Amino acid sequence: DWNMPDFMEEAIGRIRSEVGTDEVILGLSGGVDSSVAAALIHRAIGKQLTCVFVDNGLLRLNEAGQVMDTFSRSLGVKVIHVDASEDFLDHLQGVADPEQKRRIIGREFVEVFQREAAKIANARWLAQGTIYPDVIESAGGKTKKAHTIKSHHNVGGLPDTLHLKLLEPLRELFKDEVRELGLTLGLSHDMVYRHPFPGPGLGVRILGEVKYEYAELLRHADAIFIEELRTSGWYEKTSQAFAVFLPVKSVGVMGDGRTYEYVVALRAVKTEDFMTAHWVELPYTLLARISNRIVNEVRGINRVVYDISGKPPATIEWE
Ligand code: XMP
């Protein structure tokens, strides 16, 4: 009879005996897996763990603040917060192709992370939130079609130039077990049940060229959408939901004036495995409230559309 508190204690013991007095570094993304890994390893070895959180300028509203609140202030985890947003946005300038954007964001992340990791003189271990389905996937047991359609860049996949040993304490766990472990470690329900967020972040939700101005508009529209889903109880009933920025302008009216502003699309899907997905039948009253709030509160957006495409043939992300 296996239970999570026992698993947690065993995992803590294993981490302690493996790591000894070495230093460990971990790339914290704010996602469920790296967050649970960080909380577990911190419980085991405390200040021997240093997390690196990279702000790539493509995060959601207040995301960096939330990660720092949870890990640095509440849990007392050592977290280096690197604001690399200008670097990322500079490198993305003029680039419109989705795959090229992914490559640039992935490469830039590795550079920033390695630069920070090199400063931690005694680091011997690289910790990652690899979970069991990732292990199966990279062993080639399953060929996931998504990977041939879009190249995925996660925090993992760092090249071996740091010469660090890998510490992957979640390797045996499925997603639901990772969530349970997160709760057992005292992480909040909201953190542990967050929708997935792609590694390239808003970079693939701003169609075409990424600009700071677009990212700001999208962050605000997306925050309104998610807030309304949470307060209406629809967040838990969807698997993934987000806003997408369309860099086209359309005409609108506001007061006695004409506007000529950008469009956002809302996407909300229900899925078991993210390989296929249905769009969610959100109530019209909810959609109306979200749309009204976005056009009233986000100066620069005057039109909101709802994505009614399934996967296939559409993908969940727009890029
Ligand atoms: P698609 O758009 O392929 O998305 O239907 C399926 C799931 O994968 C996520 N996704 C990504 N995750 N890096 C990631 O870490 C990526 O480049 C990437 N592209 C898509 C997407 O958010 C959805 O959950």
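Residues numbered from 1 in each chain as written. Predicted model: local features only at pLDDT ≥ 70, side-chain atom pairs only at ≥ 80, totals over all residues.

As annotated in an unreviewed UniProt entry, the protein chain carries the name GMP synthase [glutamine-hydrolyzing] and comes from Nitrosospira lacus. Looking at the Catalytic activity (unreviewed entry) heading of the UniProt record, one finds this comment for the protein chain: "XMP + L-glutamine + ATP + H2O = GMP + L-glutamate + AMP + diphosphate + 2 H(+)". (UniProt positions renumbered as here; feature names shortened; annotations may be inferred.)

**A look at the pairing of strand β3 (residues 78-83)**
Both strand β2 (residues 49-55) and β3 contribute to a ladder of six bridges, which runs parallel. Bridge pairing links V54 to V82 in β3. Handedness of the crossover joining β2 and β3 through helix α3 (residues 63-74) is recorded here as right-handed. (Pairing = 2+ DSSP bridges. Helix = DSSP H or I, 4+ residues; strand = E, 2+ residues; numbered from the N terminus. Right-handed = clockwise from strand over helix to strand, strands pointing away.)

**Concerning the domain arrangement of the protein chain**
One widely used convention gives an interface's size as the accessible area the parts lose upon coming together. Entries for the protein chain in the domain assignment read domain 1 (4-192) and domain 2 (205-306). In this structure, domain 1 and domain 2 have C-alpha centres spaced 28 Å apart. Across the boundary between the two partners, domain 1 contributes twelve residues, which contact ten residues of domain 2. Of all the secondary-structure elements, those providing two or more residues to the side of domain 1 that touches domain 2 are α4 (85-92) and α7 (145-149). Residues belonging to the side of domain 1 that touches domain 2 are distributed by class as follows: seven nonpolar, two polar and three charged. (Domains from an automatic or database assignment. Contact = placed C-beta atoms within 7 Å. Nonpolar A, V, L, I, M, F, W, Y, C, P; charged D, E, K, R; others polar.)

**Side note on helix α8 (residues 175-184)**
Within α8, burial applies to V178, R179, L181 and G182. Down the axis of α8, the buried set is contained in an arc of 160°. They therefore lie on one face. Backbone geometry just after α8 places G186 at a positive phi near 95°. (Buried ≥ 20, exposed ≤ 12 C-beta atoms within 10 Å, placed from the backbone. Arc of directions from axis to C-beta.)

**Some details on the packing of α4 against helix α5 (residues 98-118)**
Their axes nearest at 10 Å, the elements α4 and α5 cross at an angle of 150°. Between α4 and α5 lies a crossing whose hand is right-handed. Seen from α4, the contacting residues are D87, F88, H91 and L92; seen from α5, they are K101, I104, I105 and E108. Residues of the contact of α4 with α5, tallied by class, amount to four nonpolar, one polar and three charged. (Axes fitted to C-alpha atoms, helices over the stretch in contact; angles between N-to-C directions. Left-handed = near helix turned anticlockwise from the far one by under 90°.)

**Side note on the sheet that holds strand β5 (residues 165-167)**
Read across the open sheet, the five strands follow the order β3-β2-β1-β4-β5; overall the sheet is parallel. Looking at strand neighbours, the two that pair on one side only are β3 and β5, the edges of this open sheet. The average angle at which neighbouring strand axes cross in this sheet is 30°, direction not considered. Direction of pairing for strand β1 (residues 23-27) relative to β2: parallel, over a ladder of four bridges. Within β2, the position partnered with V24 by the bridge is L49.

**Here's the deal with the environment of E209**
Structurally, E209 can be placed in the loop between α9 (189-192) and α10 (212-232). Here E209 falls in the partly exposed class, since 14 other C-beta atoms lie within 10 Å of it. E209 sits 204 residues away from P5 along the chain, and the two C-alpha atoms are 47 Å apart. When neighbours within four sequence positions are excluded, E209 is seen to be in contact with G94, V95 and A96.

**Here we look at the packing of helix α2 (residues 32-45) against α8**
The contact between α2 and α8 brings their axes to 9 Å, and the two run at 45°. Classified by the interaxial angle, the pair formed by α2 and α8 is oblique. With respect to the hand of their crossing, α2 and α8 are arranged in left-handed fashion. Residues V32, D33, S35, V36, A39 and L40 of α2 form the contact with α8, whose participating residues are V178, R179, L181 and G182. (Parallel < 35°, antiparallel > 145°, perpendicular 65-115°, else oblique.)

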